[in-house]
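Fold and contact review
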Amino acid sequence: EDQVTQSPEALRLQEGESSSLNCSYTVSGLRGLFWYRQDPGKGPEFLFTLYSAGEEKEKERLKATLTKKESFLHITAPKPEDSATYLCAVQVRGDDKIIFGKGTRLHILP
Amino acid sequence: DAGITQSPRHKVTETGTPVTLRCHQTENHRYMYWYRQDPGHGLRLIHYSYGVKDTDKGEVSDGYSVSRSKTEDFLLTLESATSSQTSVYFCAISGEEETQYFGPGTRLLVL
């Protein structure tokens, strides 16, 4: 069965303390892996798409990486405004649908 | 921001009443999706559409129906609302590049 698991469920960091969020997946064939940010009371906001192992994408303090079994979202020197829930999703080859993980709630303390 | 709107944004209804949620896009994208988001479950796909009048079921489709008579509109109907359908509902759209863009959500409370 295709599935996506994110860890940890929640993470509290001090401002400036770098860390990584994990997204592990088991699918029959990966078409694409997506990262989203979701603020309370809002819809998910698209961050990155990764297609193949070894690929990396960066945006401000965020960098997403992809291997054959997992993806990491690295957060460098985070600020309080980076506090949000980060969602990972995968699209299986030959399918129109994507499967979401349950997310990691990130809280950055000033 | 992708041009997606959802209406209503908030709704309170009673068990057994029909409810219709609307998703409207201005991007002319082919694919449209309805998800529900609940604590402990994350985002789960209800139904999706891959063109006008073309729809398919998702993971949690029981108790829901959809219709798409125009490219820009995708309607989600709860024929007879139940308390288990209390949730936040999100619409998403995607073009051929596969990335899905989400609307602001509709909070539904079924009493």
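Relevant structure appears above.
Let me begin by describing the structure that accompanies this report. (Residues numbered from 1 in each chain as written. Chains lettered and ligands numbered in written order. Predicted model: local features only at pLDDT ≥ 70, side-chain atom pairs only at ≥ 80, totals over all residues. Heavy atoms only, no water.)

Residues and elements named next belong to chain A. As for its position among the elements, Glu 55 is in the loop between β5 (45-50) and β6 (56-59). A distance of 2.6 Å separates a polar atom in the side chain of Glu 55 from the backbone nitrogen of Tyr 51. With near-sequence residues (within four places) excluded, Glu 55 lies in contact with Thr 49, Leu 50, Ala 64, Thr 65 and Leu 66. (Helix = DSSP H or I, 4+ residues; strand = E, 2+ residues; numbered from the N terminus. Polar contact = N/O pair within 3.5 Å; in protein donor to acceptor, adjacent residues only side chain to side chain. Contact = heavy atoms within 4.5 Å.)

Hydrogen bonds between backbone atoms are what pair the strands of a sheet, whose relative direction is either parallel or antiparallel. Residues and elements named next belong to chain A. One open sheet accounts for five strands, arranged β1-β3-β8-β7-β6; its pairing is antiparallel. The sheet is open, and its two edges are formed by β1 (3-7) and β6, each paired on a single side. Between one strand axis and the next, the sheet turns through 15° on average, direction left out of account. Pairing of strand β7 (residues 62-66) with strand β8 (residues 70-75), which is carried by five bridges, proceeds in the antiparallel orientation. The partner of Leu 62 across the bridge, within β8, is Ile 75. (Pairing = 2+ DSSP bridges. Axes fitted to C-alpha atoms, helices over the stretch in contact; angles between N-to-C directions.)

Taken together, the contacts link 22 residues of chain B with 18 residues of chain A. Summed over both sides, the interface between chain B and chain A buries roughly 1,600 Å², with carbon and sulfur atoms accounting for 53% of that surface. When residues of chain B are sorted by the area they lose upon contact with chain A, Leu 43, Glu 98 and Phe 102 of chain B head the list and together hold 32% of the total. Inspection of the chain B/chain A interface yields zero salt bridges. Scanning the region where chain B abuts chain A turns up four residue pairs in polar contact (both at pLDDT 80 or more). Along the lines of polarity and charge, the residues of the side of chain B that touches chain A split into ten nonpolar, seven polar and five charged. (Buried area = accessible area lost by both parts, 1.4 Å probe. Salt bridge = Lys/Arg side-chain N within 4 Å of Asp/Glu carboxyl O. Nonpolar A, V, L, I, M, F, W, Y, C, P; charged D, E, K, R; others polar.)

As a further point, take the pattern of salt bridges. Where charged atoms from two side chains of opposite charge come close, those side chains can pair. On inspection of all chains with the given rule, the structure shows nine salt bridges over all chains. Asp 82 of chain A is the partner of Arg 61 of chain A in a salt bridge, and the nearest nitrogen-oxygen pair spans 2.8 Å. Of this pair, Arg 61 of chain A sits in the loop between β6 and β7 while Asp 82 of chain A is found in the loop between β8 and β9 (84-92), placing the two residues 21 residues apart along the sequence. Among the salt bridges present, the one from Asp 38 of chain B reaches Arg 36 of chain B, with a minimum N-O distance of 2.8 Å. On the basis of relative accessible area, Arg 36 of chain B is assigned to the buried category, the value being 8%. A single network of salt bridges, built from pairs that share partners, joins Arg 22, Lys 70 and Asp 73 of chain B. (Buried < 20%, exposed > 50% of the residue type's maximum accessible area, 1.4 Å probe, protein only.)

The final tally for this structure, using the stated rule, is two disulfides over all chains. The disulfide that involves Cys 23 of chain A links it to Cys 88 of chain A, with 2.0 Å between the sulfurs. Disulfide Cys 23 of chain A to Cys 88 of chain A: torsion about the S-S bond roughly -65°, handedness left-handed. One end of the pair, Cys 23 of chain A, is in strand β3 (residues 19-26); the other, Cys 88 of chain A, is in strand β9, with 65 residues separating them in the sequence. Classification of Cys 23 of chain A by relative accessible area gives buried; the value is 0%. Judged by its relative accessible area of 0%, Cys 88 of chain A falls in the buried class. Residue Cys 23 of chain B pairs covalently with Cys 91 of chain B via a disulfide, S to S 1.9 Å. Handedness of the Cys 23 of chain B-Cys 91 of chain B disulfide follows from its S-S torsion of about -70°: it is left-handed. (Disulfide = S-S within 2.5 Å.)

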